[in-house]
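Secondary and tertiary structure notes
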Amino acid sequence: MATSKSRRGRRKKSLSLPELYDRLFAEYGEQHWWPGETPFEVMVGAILTQNTAWTNVEKAISALREADALSPEALRTRLLEDIAALIRPSGYFNAKARKLRALGVYLADYGDDIEKVFASKPLDELREELLALHGIGPETADSMLLYAGNLPSFVIDAYTIRVLGRLGIIDLDSRPKYEDVRALFQESLPTDVQLFNEYHALFVAHGKDVCKSRKPLCSECMLVAYCPVGSSITA
Ligand code: SF4
């Protein structure tokens, strides 16, 4: 039997990524993500949501729709300043207008057929193609692949990094790279679009409502028994 001294000295067991999913899913249930009426809207939303809240993205998408500018053709042919004015609520609107223009130009190569884009080549090649576009980083590319293309590319965002770091699953001090964290998920989970979709949404739910940036609600958290940060806060 372990002594109290050895119990105190024993390191907490980290949750595996499948175990963490099970606990998050048991707590929050199905999330029914991602907002966006069509795959094209999801691609536009993935750009507009960079550095802003989704409520602002919804306003920008509504403005594009009302101005009949929510199409690949409109994004590449309308005046850039007009697109920028329409998406103003999403912030960084001049830069995002240029990114949307690049998306519109890219889609022309596929006859503006989004299904054709996602069926055109293997996932890794398509991911590289998206990453080569102006203004599309890995989180945006993976959001497009997963939520618009229904392809199994795990999305890593700030919520994911925060929760994993606090749980000790990744070491924040070593500044983990996006690709390394994504590889953890790609290698530890079954290749399942629905699972990737739900898991990412569960991180968002947990990170927004409980594992908050400044004051995490550790005393209400179902993960506290596995969490070095939570245990030190609630001790
Ligand atoms: S115990 Fe606290 S720090 Fe750990 S995951 Fe839960 S809310 Fe976040």
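Heads up: the structure comes first, above all this text.
The sections below set out a description of the structure shown in this document. (Residues numbered from 1 in each chain as written. Predicted model: local features only at pLDDT ≥ 70, side-chain atom pairs only at ≥ 80, totals over all residues. Heavy atoms only, no water.)

**Some points on the pattern of salt bridges**
Following the criterion strictly, the structure yields six salt bridges and no others. For E41, the salt bridge identified is with R65, shortest N-O distance 2.9 Å. Note that E41 is positioned in helix α3 (residues 39–48) and R65 in helix α4 (residues 54–66), a separation of 24 residues in sequence. Overall, E41 belongs to the buried group, its relative accessible area being 8%. With a closest N to O distance of 2.6 Å, R127 and D142 form a salt bridge. Here R127, found in helix α9 (residues 123–131), pairs with D142, found in helix α10 (residues 138–148); they are 15 residues apart in sequence, far enough to count as distant. In this structure D142 comes out as buried when scored by relative accessible area, which is 0%. Each of R127, D142, E179 and R182 takes part in a single network of salt bridges with overlapping partners. (Salt bridge = Lys/Arg side-chain N within 4 Å of Asp/Glu carboxyl O. Helix = DSSP H or I, 4+ residues; strand = E, 2+ residues; numbered from the N terminus. Buried < 20%, exposed > 50% of the residue type's maximum accessible area, 1.4 Å probe, protein only.)

**Remarks on the layout of surface pockets**
In this approach, a probe sized like a water molecule rolls over the atoms, and the result shows the empty space that is left. Space inside the largest pocket adds up to approximately 620 Å³. W33, T49, T52, D157 and Y159 are, among the 25 residues lining the largest pocket, the residues nearest its centre. Counting residues per element, the ones that place at least two in the lining of the largest pocket are α4, α10, α11 (158–167) and α13 (193–209). (1 Å grid on protein atoms, 1.4 Å probe; cavity = no way out; pocket = protein on both sides within 12 Å on 5 of 7 lines; lining within 4 Å. Points joined across faces, edges and corners; volume = space filled by probe spheres on them.)

**Digging into unusual backbone geometry**
A positive phi angle is found at D112, which is not glycine, with a value near 60°. Among the structural elements, D112 can be located in the loop between α7 (93–108) and α8 (114–119). For D112, a relative accessible area of 27% gives the class partly exposed. Unlike most non-glycine residues, R175 shows phi in positive territory, near 50°. Residue position: R175 is located in the loop between α11 and α12 (178–188).

**Some details on the packing of aromatic side chains**
One pass over the structure, following the stated rule, counts nine aromatic pairs. Aromatic side chains F185 and Y199 sit 5.5 Å apart centroid to centroid with 80° between the ring planes, which places their arrangement in the edge-to-face category. Within this pair, whereas F185 is found in helix α12, its partner Y199 is found in helix α13, the two being separated by 14 residues in sequence. You'll find F185 and Y199 in the same group, each marked buried. Measuring from centroid to centroid gives 5.0 Å for Y199 and F203, while their planes differ by 5°, and the two rings are stacked. Of the two residues, Y199 and F203 both sit in helix α13, four residues apart, roughly one turn of that helix. Overall, the relative accessible area of 0% leaves Y199 in the buried class. (Phe/Tyr/Trp six-rings, centres within 6.5 Å; stacked < 30°, edge-to-face > 60°.)

This is a description of form; function is not addressed.
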